[in-house]
Amino acid sequence: MSNLYRFGIAVDRELVDEFDIVAEESGYANRSEAIRDIMRNFVIEKKTQQKGMDVVGSFTMIYNHRKRISDKLTEYQHKHNEEIISTLHIHLTEECCLEILALRGKSENIKKIADSLLAQKGVMNGKLVLTAI
Ligand code: NI
């Protein structure tokens, strides 16, 4: 890291103490490294919310695997094969399936796919995690 830029910020002492404890417990070697990670995540999070941004991510969902639901979800995934680049399916119980989709595309398209899957009858819960290269 040859291009390091130093800057000062004013923060409540109590917050700094708490931050240092949590950062150390999380395994950070120092405060700067923890703050750099937080800044990177903040930038990526804001960027992935912008329309037209190329993003990658995962969508994790749990659903009831009755045949009609499974067929509908499979059909939907085939329709969006440009964005859904990989799928991992785990049979959790006799009734429940866990599915993890790897996604790639424009942020608004990926969010739309996740929202549509979440809205399907039988999908009990799900979460989209986006990042950018
Ligand atoms: Ni299954």
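Up top is the structure these notes are about.
An account of the accompanying structure is given in this report. (Residues numbered from 1 in each chain as written. Predicted model: local features only at pLDDT ≥ 70, side-chain atom pairs only at ≥ 80, totals over all residues. Heavy atoms only, no water.)

## Thoughts on the overall build of the protein chain
- When its secondary structure is counted, the protein chain shows four helices and four strands.
- Element order for the protein chain, N to C, with α for helix and β for strand: α-α-β-α-β-β-α-β.
- The C-alpha radius of gyration computed for the protein chain amounts to 20 Å, which surpasses the reference 14 Å derived for 133 residues by more than 25%, pointing to a less compact arrangement than a globule.
- Structurally, the protein chain occupies a C-alpha span of about 60 × 35 × 25 Å along its principal axes.
- Considering the protein chain as a whole, with its 133 residues, one finds that 24% of them fall into the buried category.
- Taking the contacts inside the protein chain whose residues are at least 6 apart along the sequence as the reference set, 65% of them involve residues at least 24 apart.
- For the protein chain, the accessible surface area stands at approximately 10000 Å², while carbon and sulfur atoms represent 53% of it.
- Taking the average location of the 19 positive side-chain charges in the protein chain and that of its 20 negative ones, the two points are 8 Å from each other. (Helix = DSSP H or I, 4+ residues; strand = E, 2+ residues; numbered from the N terminus. Rg over C-alpha atoms; globule rule 2.2 N^0.38 Å. Buried < 20%, exposed > 50% of the residue type's maximum accessible area, 1.4 Å probe, protein only. Contact = heavy atoms within 4.5 Å. Areas by Shrake-Rupley, 256 points an atom, 1.4 Å probe, with all protein chains shown as cover. Lys, Arg positive; Asp, Glu negative; His and termini not counted. Charge placed at Lys NZ, Arg CZ, Asp CG, Glu CD.)

## Topic: a nonpolar patch on the surface
- On the surface, Tyr5, Phe7, Ile9, Val11, Leu15 and Met39 cluster together to form a nonpolar patch covering roughly 660 Å² of accessible area.
- Relative to the elements of secondary structure, tyrosine 5 occurs in the segment before α1 (13–25).
- On the basis of relative accessibility, which here comes to 68%, the residue tyrosine 5 falls in the exposed class. (Patch = residues over 30% accessible without salt bridge, like charges linked within 9 Å, V, L, I, M, F, W, Y side chains within 5 Å. Salt bridge = Lys/Arg side-chain N within 4 Å of Asp/Glu carboxyl O.)

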